[in-house]
Amino acid sequence: MRSFLFLLGSTRQGGNTETLARNAAENLPTNVEQQWLNLAALPLPEYVDRRHAPGNRLHPAPIGTERQLLDATLAATDIVIASPTYWYSVSTPTKRYLDYWSDWFDIEELGFKGRMAGKRLWVITALSEEPHQADALIDQLRRSAAYLKMEFAGALTGNGSKPGDVLADTEAMNNAKVFFASV
């Protein structure tokens with residue numbers, strides 16, 4: 001059974017990326033489980049890279065919000081990163097979540113990298129003006145999927161700045177209807 005984890009990365013609730021994601025999700029089969037998590041409402045502490053610190057390489061066992069995000073990530077068959085395009089990349093909450101993947105690699109008993117293999121990674125983003133503004137964001141996530149041997153399932157982009165603007169992007173709204181058609 002497919003299980004979709006939607007990770008909302010906007011710092012604004014009800015923004016264009018979330019609107020686009022929710023419209024796309026309406027077209028998933030009813031037997032597909034959906035979990036929606038707002039990364040801004042589940043703040044992670046600032047990421048600290050411990051990989052090369054003498055005597056401090058081991059990451060403490062995840063607890064609290066970190067554990068919740070880890071468990072949801074591992075439980076899903078499909079992960080949907082729904083992040084607005086900020087400065088040609090993912091939002092701060094999304095980037096921080098992805099940074100934690102580095103620590104999860106180092107917790108041997110998790111087997112994180114192996115457990116991510118075979119999952120599908122989807123990307124939904126809203127941007128303003130420039131049609132290729134999201135290329136770097138999409139490439140970043142495509143490469144992350146490849147590194148983890150995940151399937152990069154596709155990217156859905158929409159245009160909008162103020163909340164609700166994406167609804168006027170008829171091409172994006174039509175693409176949302178068929179974005180998950182392979183499911």
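Preceding this section is the structure that the text describes.
A few points on the structure.

How each quantity is defined
Residues numbered from 1 in each chain as written. Predicted model: local features only at pLDDT ≥ 70, side-chain atom pairs only at ≥ 80, totals over all residues. Heavy atoms only, no water. Core = buried A, V, L, I, M, F, W, Y, C linked by side-chain atoms within 4.5 Å. Buried < 20%, exposed > 50% of the residue type's maximum accessible area, 1.4 Å probe, protein only. Helix = DSSP H or I, 4+ residues; strand = E, 2+ residues; numbered from the N terminus. Contact = heavy atoms within 4.5 Å. Salt bridge = Lys/Arg side-chain N within 4 Å of Asp/Glu carboxyl O. Phe/Tyr/Trp six-rings, centres within 6.5 Å; stacked < 30°, edge-to-face > 60°. Lys NZ or Arg CZ within 6 Å of the ring centre and 35° of its normal. Expected span 1.5 Å × (residues − 1).

## Description of the nonpolar core
By size, the foremost hydrophobic cluster in this structure holds 34 residues, and its most contacted members are Leu7, Leu69, Tyr97 and Trp104. Elements that contribute at least two residues to this core include exactly strand E1 (3-8), helix H2 (64-75), strand E3 (78-82), helix H3 (92-105), helix H4 (112-116), strand E4 (120-127) and helix H5 (135-147). Leave out the neighbours within four places in its chain, and tyrosine 97 touches Leu7, Leu39, Leu44, Leu69, Thr73, Ile81 and Trp104. Grouped together as the second largest cluster of nonpolar side chains are 20 residues, Phe6, Leu8, Leu20 and Phe179 included.

## Focus on the pattern of salt bridges
Within this structure, the stated rule accounts for eight salt bridges. The partner of arginine 22 in a salt bridge is glutamate 18, and the shortest N-O contact between them spans 2.9 Å. In this pair, arginine 22 and glutamate 18 are both assigned in helix H1 (residues 16-25), four residues apart and thus about one turn of the helix distant. With a shortest N-O distance of 2.6 Å, arginine 96 and glutamate 46 are connected by a salt bridge. Placement of the pair is arginine 96 in helix H3 and glutamate 46 in the loop between strand E2 (33-38) and H2, with a sequence separation of 50 residues. We classify arginine 96 as partly exposed; its relative accessible area is 21%. We classify glutamate 46 as exposed; its relative accessible area is 58%. Among the charged side chains, a salt-bridge network with shared partners connects Arg2, Asp78, Arg120 and Glu151.

## Here we look at the packing of aromatic side chains
Scanning the entire structure with this criterion turns up 15 aromatic pairs. Ring centres of phenylalanine 4 and phenylalanine 180 lie 5.2 Å apart, and the angle between their planes is 80°; this geometry places the pair in the edge-to-face category. Of this pair, phenylalanine 4 sits in strand E1 while phenylalanine 180 sits in the segment after helix H6 (170-178), and the two are 176 residues apart along the sequence. Since its relative accessible area comes to 1%, phenylalanine 4 is described here as buried. With a centroid separation of 5.5 Å and an interplanar angle of 65°, the aromatic rings of tryptophan 104 and phenylalanine 112 are classed as edge-to-face. For the pair formed by tryptophan 104 and phenylalanine 112, the shared burial category is buried. Every member of this aromatic cluster is reached through a ring pair, and the members are Phe4, Phe6, Trp36, Trp122, Phe179 and Phe180. Seen from the ring of tryptophan 36, arginine 22 lies directly overhead, with NZ or CZ sitting 4.0 Å from the centre.

## Observations regarding H3
Between its first and last C-alpha, H3 extends 21 Å over 14 residues, near the 20 Å set by a 1.5 Å rise per residue. Within the sequence span of H3, burial applies to Pro93, Thr94, Tyr97, Leu98, Asp99, Tyr100, Trp101, Asp103 and Trp104. Looking at the buried residues of H3, the elements they touch are E1, H2, E3, H4 and H5.

Keep in mind these values describe shape, not function.
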